[in-house]
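Close look at the chain arrangement
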Amino acid sequence: LDEPPARRLNSALLGTLLGDSSLTWPRNKAGVAYGRGPRFQVSHGKSQYQYLLRKQAILENAGFRTNLCKDGNVFKLTSCVSSDFVELESMLYGTGSKKITQPILDMVDAEALAFWFMDDGAGSPEKIGSRRKDHNVSLATCCFSVEENELIVSWLKTRWGLNSKVDWVSNSSKKLCPIVRLSLKSSRDLSAIVDEYLSPCVKYKFPAPTGHLIRHCIECGASVASGRVRRDGFVGCKSHPRS
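This structure is a prediction, so every number in the text was calculated from the model and none was measured.

What follows concerns the confidence of the model for the chain. For the chain, per-residue confidence averages 85 on the pLDDT scale, and 80% of positions sit at 70 or higher. Of all helices and strands in the chain, the one with the weakest mean pLDDT is helix H8 (residues 210-213) (55), whereas helix H6 (residues 146-160) scores best (98). Segment residues 1-5: pLDDT under 50, and five contacts once partners within four positions in sequence are set aside and those in other chains are kept.

Written out as structure tokens, the structure is:
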């Protein structure tokens with residue numbers, strides 16, 4: 001919150017626009033766009049209401065009037081129309097649907113990455129060894145082409161060092177659609193990159209960053225294997241194994 005409002009708006013807004021949010025021009029009865037700019041809009045369910053309030057605060061802190069209302073089973077956030085959205089709308093949509101391009105990806109920093117994954121990220125069960133289970137993270141990019149998904153995979157590797165692949169899932173019409181699926185290690189690395197920006201209500205999508213799994217001796221602070229627990233319930237190193 002110490003950053004200038006415009007800076008926070010640009011990163012957060014870009015990230016969520018790559019995900020669930022949209023920019024929409026008002027249109028007349030003939031379907032022709034009019035006005036000085038589009039408006040921002042997004043909907044979330046009750047479980048993500050606090051996340052929606054965060055988006056509202058970011059918009060309002062940047063000087064945009066907003067309206068938040070219940071729309072059926074979801075809550076809908078809408079901003080005023082603004083010429084400040086024109087350039088970003090043109091980059092994302094061009095003359096048609098939302099697109100992914102290298103210039104857009106080049107604008108994505110850690111905060112924008114966090115909002116993108118908070119919107120469209122999902123955790124999938126993945127077996128580790130013979131008994132333990134964890135989850136890796138996938139990004140719902142079904143609305144983008146295979147080529148755009150491949151561009152995202154390449155960018156995640158070159159920009160963030162994250163290993164991922166284009167995978168396929170069935171939509172409600174049983175049609176196969178592309179998504180981006182991260183490896184388990186890269187899912188943890190992603191969590192470490194975006195952790196400071198995550199809203200509590202969407203943290204369930206992300207595995208704990210690797211650093212969060214490191215346990216330390218209660219006596220000297222040394223890193224300790226996960227299984228070395230003392231009788232007093234604390235973790236101890238080889239030099240301090242007892243309570």
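Further notes follow.
Taken in spatial order, the four strands of this open sheet run S1-S2-S4-S3, and their pairing is antiparallel. Two strands close off the open sheet at either side, each with one partner strand: strand S1 (22-24) and strand S3 (66-71). Between one strand axis and the next, the sheet turns by 25° as a mean value, whatever way the strands run. Here S1 pairs with strand S2 (residues 39-44) via three bridges, running antiparallel. For threonine 24, the partnering residue across the bridge sits in S2 and is arginine 39.

The subject of this paragraph is the state of the cysteines. What the rule picks out here adds up to zero disulfides. Among the cysteines around cysteine 142, which has no disulfide bond, cysteine 177 carries the closest sulfur, lying 4.5 Å off.

The rules we used
Residues numbered from 1 in each chain as written. Predicted model: local features only at pLDDT ≥ 70, side-chain atom pairs only at ≥ 80, totals over all residues. Heavy atoms only, no water. pLDDT = per-residue confidence, 0-100. Helix = DSSP H or I, 4+ residues; strand = E, 2+ residues; numbered from the N terminus. Contact = heavy atoms within 4.5 Å. Pairing = 2+ DSSP bridges. Axes fitted to C-alpha atoms, helices over the stretch in contact; angles between N-to-C directions. Disulfide = S-S within 2.5 Å.

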